[in-house]
Amino acid sequence: GLIRKLINGEAENSEYVSLRLGGSFFDNNLNINVAPRWRNFHCGGEYKTSFSRFSFDGDADYTIGDFNFGIGYRTSDHDKTKGGMEESWWSGYWNVFLTYGTGNLYVNVGVDNIFNSKSKMWEKYNSPYFTTYSRQWSTGRMARVNITYTFGYGKKVSRNIEISGPEATKTSILSADR
């Protein structure tokens with residue numbers, strides 16, 4: 001058998017800058033977020049490589065009464081790790097969701113990869129003794145449904161309990177005058 005283990009991998013240097021910007025509008029009913037990222041990668045040695053990559057993700061959601069719906073996007077991305085010996089890439093995707101929530105019941109329905117029925121991903125691993133390469137193609141979209149219901153249990157306590165501060169400070173320190 002073969003053991004996949006790092007050998008001769010050189011040190012890697014990576015600079016990573018990201019910024020998440022978000023805002024809420026229309027009495028906090030509309031939320032918009034964007035997150036640009038930049039990465040610079042370099043490693044030396046036998047697997048010498050370098051790259052700079054810009055990517056970003058963003059999302060927006062809107063609330064109307066008991067309903068919240070939104071859309072999100074993430075760009076394709078590329079990565080190298082383990083001293084340049086391992087490399088991977090995956091395609092970008094869109095997702096949408098709708099949530100209904102009231103009282104104890106919450107229902108969330110979402111679809112990933114909504115505008116594209118195919119997604120791709122690959123991984124490559126290099127060493128002096130062997131190279132592996134895997135490629136994955138997916139067709140279809142992923143749909144999800146989450147239903148949450150909270151059952152009330154335990155002692156019911158009034159939520160309007162008022163807490164007041166102490167009338168006099170009490171201490172356990174004895175006076176040295178006695």
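Just so it is clear, the model here is predicted, and its values are computed rather than measured.

Attention now goes to the overall build of the chain. Counting its secondary structure elements, the chain contains zero helices and 12 strands. Along the chain direction, N to C, the helices and strands of the chain fall in the order β-β-β-β-β-β-β-β-β-β-β-β. Going through the 178 residues of the chain one by one, you find that 22% of them count as buried. Relative to all contacts within the chain whose residues are 6 or more apart in sequence, the contacts with residues 24 or more apart total 50%. Within the structure as shown, the chain displays about 13,500 Å² of accessible surface, and the carbon and sulfur contribution to it stands at 55%.

Right, let's talk about the packing of aromatic side chains for a bit. Summed over all chains, the structure comprises eight aromatic pairs. Ring geometry for phenylalanine 56 and tyrosine 73: centres 5.8 Å apart, planes at 55°, overall tilted. Linking phenylalanine 56 in strand E4 (residues 49-64) with tyrosine 73 in strand E5 (residues 67-74), this pair joins segments that are 17 residues apart in sequence. Taken together, the ring pairs in this structure connect Phe56, Tyr73 and Trp94 into an aromatic cluster.

Once that is clear, we can look at the pattern of salt bridges. The final tally for this structure, using the stated rule, is nine salt bridges. A salt bridge links aspartate 59 to arginine 20; the shortest N-O distance between them is 3.3 Å. Here aspartate 59 is found in strand E4, whereas its partner arginine 20 is found in the loop between strand E1 (12-18) and strand E2 (21-25), with 39 residues between them in sequence. The class of aspartate 59 is partly exposed, set by a relative accessible area of 25%. The class for arginine 20 is partly exposed, based on a relative accessible area of 49%. Residue arginine 144 is joined to aspartate 112 by a salt bridge in which the shortest nitrogen-to-oxygen separation is 2.9 Å. Of this pair, arginine 144 sits in strand E12 (residues 142-149) while aspartate 112 sits in strand E9 (residues 105-112); the two residues are 32 residues apart in sequence, bridging distant segments of the chain. Here arginine 144 falls in the partly exposed class, since its relative accessible area comes to 25%. Several salt bridges share partner residues, and in doing so they unite Arg20, Arg37, Asp57, Asp59 and Arg74 into one network.

Another aspect to go through is the environment of valine 96. Mapped onto the elements, valine 96 comes out in strand E8 (residues 93-102). The spatial distance from the C-alpha of valine 96 to the C-alpha of isoleucine 114 is 7.0 Å, given a sequence separation of 18 residues. Contact partners of valine 96, with chain neighbours within four places excluded, come to Gly70, Ile71, Val109, Gly110, Val111, Ile114 and Arg144.

With that out of the way, let us pick up the side chain of serine 91. Locating serine 91 in the fold gives a position in the loop between strand E7 (86-90) and E8. Dropping the residues within four chain positions of it, serine 91 is found in contact with Ser76, Ser119 and Lys120.

Before going further, it helps to examine the environment of lysine 118. Locating lysine 118 in the fold gives a position in strand E10 (residues 118-126). Residue lysine 118 is classed as exposed on the basis of its relative accessible area, which comes to 51%. In this structure, the C-alpha to C-alpha distance between lysine 118 and threonine 139, residues 21 residues apart in sequence, is 4.4 Å.

About the cut-offs
Residues numbered from 1 in each chain as written. Predicted model: local features only at pLDDT ≥ 70, side-chain atom pairs only at ≥ 80, totals over all residues. Heavy atoms only, no water. Helix = DSSP H or I, 4+ residues; strand = E, 2+ residues; numbered from the N terminus. Buried < 20%, exposed > 50% of the residue type's maximum accessible area, 1.4 Å probe, protein only. Contact = heavy atoms within 4.5 Å. Areas by Shrake-Rupley, 256 points an atom, 1.4 Å probe, with all protein chains shown as cover. Phe/Tyr/Trp six-rings, centres within 6.5 Å; stacked < 30°, edge-to-face > 60°. Salt bridge = Lys/Arg side-chain N within 4 Å of Asp/Glu carboxyl O.

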